[in-house]
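# Working through the structure, step by step
The primary structure of each chain is shown beneath.
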Amino acid sequence: MNAVAQAQAHASAAAVPALAFEGIVKRFGPVQVLHGVSFALQPGRIVGLLGENGAGKSTLMKIASGYEAPSEGVVTVGGRAVSFDGPRAAENEGIVLIHQEFNLAEDLTVAQNIHLGHEKRGRFLLDDNAMRQSAAQVLAEVGLARHPDTPVRQLIVAEKQLVEIAKALSKRARILIMDEPTATLTPGETQRLFALMRRLQGEGVTIVYISHKLDEVEHICDEVVVMRDGRFVAREATDALTRLQMAQLMVGRELSDLYPPRTPAPADDAAPLLRVRGLTVPGWAQDVGFDLRPGEILGFAGLVGAGRTELFEGLLGLRAASAQVIEIGGRPVRISSPGQAARQGLVYLSEDRKGKGLHVDFGLAENLTLMDLGRYASPWLDRAREQAALRDAVAEYGIRTGALDVRASSLSGGNQQKLALAKVLQPRPRIVILDEPTRGVDIGAKREIYLLIRRLAEEGKGVIVVSSELMELIGLAHRVAVMRAGHLQTVLPNEGLTEEELIAHATGTH
Ligand SMILES: Nc1ncnc2c1ncn2[C@@H]1O[C@H](COP(=O)(O)OP(=O)(O)OP(=O)(O)O)[C@@H](O)[C@H]1O
Ligand SMILES: [Mg+2]
């Protein structure tokens, strides 16, 4: 073949998309969530898939990877129409999905999870050694320093995410779909993941990257595809768009400032609503003390692993913990469980939405009223009141759902987060502790949650926000507490506070 023919052959090969959607429609019963989506992905590219919560990103990618079947339309791989009867069939075509919501078996080990459904066999039995070895190899690739025999139950959320990624890598995908892989990762882990993605791209792998973190999308993606309300709306080179333009394509309207103006800080001498002294959670947090005043938004910053989540799990009785003083409204209290705390006016939103926040197999109404059953059961459960409460919550928190009588698992990731938030606020608490309240939430809904947090403070409630997004804390909080390696380093008033300053305290380099 001469050079021209070679170039032509190359050009026509490159024109065959790695993956293409043609008129994809998806209905769940009477609810239509995808309305004829068509677009194609060129091989070897990293493509960002953007859209508001509920836009249909995860659903479309579940269709591409065999977890859902399209109601209408065709998926092609390398130009051939395919139809999958399950994820294994898609894996055989080289398509692997890393789920937005983890899909790990908690009781199995890391190595067993990585090989689940693809167990290596010796002559008669499973070859545990071979599985352990290959698991160790992919764990090293994603940078998770855990023994392959560790039970998944013992891992923190970020580690579970790395196991999900390792599991997908071990399948040697040609088309790798990542649904919000960095929602729970530290900046360091994220950088390592990006390096890995670049390496895979160099090997010709096509990557779909779903994220609400537009700075990451800008950094890692060659191009972006934007969906809105179950439809394709745009496809552009990443360089051609600013972040604001990306966000505007997602929401379909002009966007103003993300952060609402802060409410005035509460008076220094106001009596604390919550007073904590000498709170110790063995192995995670030592001798932590702080005050939360009425009308105050107190941020908690720190690196993943600094002990913030565990500190509050200890406070709520979800982990073994001891404290010298815990007072609510000046009265000493003992807290043994989240339910009991709620009766004393303190509620907690867990960062582990699926594990500890929602019962995803229950309906929306059941989830909403679970913490506050007293109001709806007198003595029988009042279904009409429960439905009315659900309708109110759907409107107030902007929960997007096709129907009201569905399970929580059928909500999109960001809408599950809104439901979890609505649930903890049902008992009308005085003190609200929110761990990563905007994780997985789109840019428009984030602002709604910020407004809600501000409104709670204006009503005189005390709000604690644990967040890995420093700009979020700087935009919202009156004071920011910084934890490092289980110790409360400092509590900084938020006057001209910068990200650099917070990072310096969190890493101990100030
Ligand atoms: N099994 C199901 N039954 C009914 N409705 C569903 C089901 N799965 C998804 N949906 C609906 O389809 C719509 C699209 O959801 P999807 O999870 O694809 O959104 P998404 O773009 O991934 O959002 P997010 O950014 O919040 O993850 C949502 O309105 C959701 O409630
Ligand atoms: Mg999703």
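Placed above this text is the structure.
First, a word on scope: everything that follows refers to the structure included in this document. As the structure is a prediction and not an experimental result, all values here were calculated from the model.

As a further point, take the environment of Leu 241. Looking at the element boundaries, Leu 241 is found in the loop between strand E10 (231-237) and helix H9 (243-251). Separated by 17 residues in sequence, Leu 241 and Val 224 have C-alpha atoms that sit 9.2 Å apart.

Okay, the pairing of strand E17 (residues 431-435) next. Most of E17 sits out of view: 5 of its 5 residues are buried. Burial along E17 is two-sided: the face carrying Ile 431, Ile 433 and Asp 435 and the face carrying Val 432 and Leu 434 are both buried. Note: E17 against strand E18 (residues 462-466), 5 bridges, orientation parallel. From the neighbouring strand, Leu 434 faces E18, where its bridge partner is Val 465. Once the chain exits E17 it traverses helix H17 (residues 443-458) before rejoining the sheet at E18, and the crossover so formed is right-handed.

For an α-helix, 3.6 residues make a turn, and residues three or four places apart therefore share a direction. Compared with the 18 Å implied by 1.5 Å per residue over 13 residues, the 19 Å span of helix H6 (residues 157-169) between its first and last C-alpha is a close match. By the criterion of burial, H6 is predominantly enclosed, with 13 of the 13 residues buried.

Let's shift gears to empty space enclosed by the protein. Under the defined criterion, the tally for this structure stands at 1 cavity of 30 Å³ or more. In this structure, the largest cavity encloses a volume near 40 Å³. Per-element tally for the lining of the largest cavity: the top contributor is helix H7 (residues 187-202), with 4 residues. Among the residues making up the lining of the largest cavity, the classes are represented as 4 nonpolar, no polar and 3 charged.

Quick look at the site of ligand 1 now. If you check the shell around ligand 1, you find 18 residues, and the closest are Gly 54, Lys 57, Thr 59, Ser 412 and Gly 414. One of the side-chain nitrogen or oxygen atoms of Asn 53 is found 2.8 Å away from an oxygen atom of ligand 1. Here an oxygen atom of ligand 1 and a backbone polar atom of Gly 56 are 2.9 Å apart. Those elements that provide at least two residues to the shell around ligand 1 are helix H2 (57-64) and helix H16 (413-425). Of all the elements, H2 adds the most residues to the shell around ligand 1, at 3 residues.

Attention shifts here to the sheet that holds strand E5 (residues 80-82). Judged by pairing direction, the sheet is antiparallel, and its 4 strands sit side by side in the order E2-E1-E4-E5 without closing on themselves. Edge positions in the sheet fall to strand E2 (31-41) and E5, since each of these pairs with one other strand and no more. Pairs of neighbouring strands in the sheet enclose a mean axial angle of 30 degrees, with direction left out of account. Where strand E4 (residues 72-77) meets E5, 3 bridges bridge the pair, whose relative direction is antiparallel. By the bridge assignment, Val 77 is partnered in E5 with Arg 80. In the packing of H2 onto the sheet, the strands contacted are strand E1 (19-28), E2 and E4, and the crossing angle to E1 comes to about 115 degrees.

Thresholds, definitions, all that
Residues numbered from 1 in each chain as written. Chains lettered and ligands numbered in written order. Predicted model: local features only at pLDDT ≥ 70, side-chain atom pairs only at ≥ 80, totals over all residues. Heavy atoms only, no water. Helix = DSSP H or I, 4+ residues; strand = E, 2+ residues; numbered from the N terminus. Buried < 20%, exposed > 50% of the residue type's maximum accessible area, 1.4 Å probe, protein only. Pairing = 2+ DSSP bridges. Right-handed = clockwise from strand over helix to strand, strands pointing away. Expected span 1.5 Å × (residues − 1). 1 Å grid on protein atoms, 1.4 Å probe; cavity = no way out; pocket = protein on both sides within 12 Å on 5 of 7 lines; lining within 4 Å. Points joined across faces, edges and corners; volume = space filled by probe spheres on them. Nonpolar A, V, L, I, M, F, W, Y, C, P; charged D, E, K, R; others polar. Near = heavy atom within 4 Å. Polar contact = N/O pair within 3.5 Å; in protein donor to acceptor, adjacent residues only side chain to side chain. Axes fitted to C-alpha atoms, helices over the stretch in contact; angles between N-to-C directions. Contact = heavy atoms within 4.5 Å.

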